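The residues making up each chain are set out below.
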There are 2 protein chains.
Amino acid sequence: MNQELENVTEQFRKLPGIGVKSARRLAYFMLERPESEVKAFLDTIKAAREKICYCSVCCNLATSDPCDICGDARRDHSVICVVEQPQDVMAMEQSHEYHGLYHVLHGALSPLDGISPDQLKIKELLNRLESDEVKEVILATDPDAEGEATAFYLSRLIKPAGIKVTRIGRGIPAGGDIGYADGMTLAGAVQNRKEL
Amino acid sequence: MNQELENVTEQFRKLPGIGVKSARRLAYFMLERPESEVKAFLDTIKAAREKICYCSVCCNLATSDPCDICGDARRDHSVICVVEQPQDVMAMEQSHEYHGLYHVLHGALSPLDGISPDQLKIKELLNRLESDEVKEVILATDPDAEGEATAFYLSRLIKPAGIKVTRIGRGIPAGGDIGYADGMTLAGAVQNRKEL
């Protein structure tokens, strides 16, 4: 029994944000829940993995190539929003404010973690910019050290081609508390102030 | 893409302690990690499930029937420690202080949650007590309302058979802080005080 439990615990330990206590709890849960539910769990992951591929244009997770967004003629093909991860695309889509295309870098530059430009989908981005269609690149990497460095690096690469490069605006998040906001956020919020 | 992601997210949502944000994070992780690791994850759970059964004696999770503990002649077969869940057996074993047998109830009495005695492995426990071998039953259900109610219920059932019934001791946990301990715990600790 213990060997099986340890094996399953170890597998859950490898998932992000799951500590050893949570992993054990999940392992017990998996060993005790009804057979049909375990089967549904395993089959769902397997089926999703079999369907998932990467879009050769934007490098986002997709079930078709090009993906639904890249293949959508109603979207604005003159703007590309560059993000770090596939989940950032989903977050942007939920804002319903952006109607252009995306490009997923699959990470951010981080010398400390050994992430250099050739490990990101930067070459793929530059290839897309060779067509005359693209007028603006919005850099929506995270507002942390790695994301800022990546945005700076990309802007230096892209600007010489005469394409407009913008960075997403900083400010107080919706529902945020000014008293708890850090200095960088407030500085961005002041710079981005709007006349009412 | 979104449908596959939602399907996997929904499956992770069903696991204990996983909220909607964590589930989505795990789903993205599952869709993006290397194929071989996903296969190892799925295969390990599947293999463990196929090997796991319940011991017909103590009702614990096992890979043989009777389980390793019930089948171990070196253990004290005159004492049965009654616990709520299989993980409680593992915790007790890690104490290296107990060398008797176990009985797993698979829950605790809870009228509010609709858990009545016939949904717990109480009949199986009483069957075990019919042999003359058992001299003591240690009630190690959790020290919460449901666990206490279960212990009280079992003691009333078992005592008339002339078997010694004990309840695990209450007190300050190792590494605990007296200033933060609740009244019930301190009351138990005072009652269980030892002369030095």
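Predicted model, so just to flag it, every value in this text is computed and none were measured.

Parameters at a glance
Residues numbered from 1 in each chain as written. Chains lettered and ligands numbered in written order. Predicted model: local features only at pLDDT ≥ 70, side-chain atom pairs only at ≥ 80, totals over all residues. Heavy atoms only, no water. Helix = DSSP H or I, 4+ residues; strand = E, 2+ residues; numbered from the N terminus. Rg over C-alpha atoms; globule rule 2.2 N^0.38 Å. Contact = heavy atoms within 4.5 Å. Areas by Shrake-Rupley, 256 points an atom, 1.4 Å probe, with all protein chains shown as cover. Lys, Arg positive; Asp, Glu negative; His and termini not counted. Charge placed at Lys NZ, Arg CZ, Asp CG, Glu CD. Salt bridge = Lys/Arg side-chain N within 4 Å of Asp/Glu carboxyl O. Polar contact = N/O pair within 3.5 Å; in protein donor to acceptor, adjacent residues only side chain to side chain. Nonpolar A, V, L, I, M, F, W, Y, C, P; charged D, E, K, R; others polar. Pairing = 2+ DSSP bridges. Axes fitted to C-alpha atoms, helices over the stretch in contact; angles between N-to-C directions. Patch = residues over 30% accessible without salt bridge, like charges linked within 9 Å, V, L, I, M, F, W, Y side chains within 5 Å. Domains from an automatic or database assignment. Least-squares fit on C-alpha atoms with pLDDT ≥ 70 in both. Buried < 20%, exposed > 50% of the residue type's maximum accessible area, 1.4 Å probe, protein only. Right-handed = clockwise from strand over helix to strand, strands pointing away.

1. Re the overall build of chain A
Here's step 1: From N to C terminus, chain A includes seven helices and six strands.
Here's step 2: Secondary structure of chain A in N-to-C order comes out as α-α-α-β-β-β-α-β-α-β-α-β-α.
Here's step 3: Taking 16 Å as the expected radius of gyration for a compact globule of 196 residues, we find that chain A reaches 21 Å, considerably beyond that expectation.
Here's step 4: The dimensions of chain A, computed from C-alpha atoms along their principal axes, are 65 × 45 × 35 Å.
Here's step 5: Here the analysis covers contacts within chain A between residues at least 6 apart in sequence; of these, 46% occur between residues at least 24 apart.
Here's step 6: Working note: accessible area of chain A is about 11,200 Å², and carbon and sulfur atoms make up 53% of it.
Here's step 7: Here chain A carries 23 positive and 30 negative side-chain charges, and the mean point of each set is 1 Å from the other.

2. Remarks on the interface of chain A and chain B
Here's step 1: Taken residue by residue, the interface counts 47 residues in chain A and 47 residues in chain B.
Here's step 2: Put simply, chain A and chain B have four salt bridges between them.
Here's step 3: Taken together, chain A and chain B are joined by 15 residue pairs in polar contact (both at pLDDT 80 or more).
Here's step 4: Elements that contribute at least two residues to the side of chain A that touches chain B include exactly α1 (2-13), α2 (20-32), α3 (35-51), β2 (61-62) and α4 (86-95) of chain A.
Here's step 5: With twelve residues, the top contributor of residues to the side of chain A that touches chain B is α3(A).
Here's step 6: A breakdown of the residues in the side of chain A that touches chain B according to their chemical character gives 25 nonpolar, ten polar and twelve charged.

3. Section: the sheet that holds strand β5 (residues 136-139) of chain A
Residue and element names in this part refer to chain A.
Here's step 1: Strand order in the open sheet made by the four strands is β4-β3-β5-β6, with parallel pairing throughout. On the outer flanks of this sheet lie β4 (100-104) and β6 (164-167), each paired with one strand and no other. Taking each pair of neighbouring strands and ignoring which way they run, the sheet shows an average axis angle of 25°.
Here's step 2: Where strand β3 (residues 76-83) lies against β4, five bridges are found, and the strand directions are parallel. Across the sheet, Asp76 pairs through a bridge with Gly100, a residue of β4.
Here's step 3: Most of the contacts of helix α5 (residues 122-129) go to β4, to which it runs at about 150°, and overall it touches β3, β4 and β5.
Here's step 4: Taken strand by strand, helix α6 (residues 145-158) contacts β3, β5 and β6, and its axis lies near 170° from that of β6.

4. A short note on a negative patch on the surface
Here's step 1: A surface patch of negative charge is lined by A:Asp113, A:Asp142, A:Asp144 and A:Glu146.
Here's step 2: Among the secondary structure elements, A:Asp142 is positioned in the loop between β5 and α6.

5. A word on the pattern of salt bridges
It is possible for side chains bearing opposite charge to pair when their charged atoms get close.
Residues and elements named next belong to chain A.
Here's step 1: Counting across every chain of the model gives 20 salt bridges over all chains.
Here's step 2: Of the charged contacts, one joins Lys39 and Asp43 as a salt bridge, the two residues approaching to 2.7 Å between their closest N and O atoms. Within this pair, Lys39 and its partner Asp43 are both found in helix α3, separated by four residues, close to a single helical turn.
Here's step 3: Through salt bridges with shared partners, a single network forms among Glu148, Arg167 and Arg170.

6. Points about the domain arrangement of chain A
Here's step 1: For chain A, the domain assignment lists domain 1 (3-51) and domain 2 (75-167).
Here's step 2: Taking only C-alpha atoms, the centre of domain 1 of chain A and the centre of domain 2 of chain A are 35 Å apart.

7. Describing the relation of the copies chain A and chain B
Here's step 1: You can overlay chain A on chain B at an RMSD of 0.0 Å; the transform is a turn of 180° with a shift of 0.0 Å along its axis. On this basis, the relationship between the two copies can be described by a two-fold rotation axis. Residue A:Leu42, judged by its C-alpha, is the member of chain A lying nearest the rotation axis, at 3.0 Å.
Here's step 2: Taken together, the interface assignments show that 100% of the residues at the interface of chain A recur at the interface of chain B, consistent with an identical surface on both copies.

8. Looking at the pairing of strand β4 (residues 100-104) of chain B
Here's step 1: Where burial is concerned, most of β4(B) is hidden: five out of the five residues are buried.
Here's step 2: Following the backbone out of strand β3 (residues 76-83) of chain B, through helix α4 (residues 86-95) of chain B and into the adjacent parallel β4(B), one traces a crossover that is right-handed.

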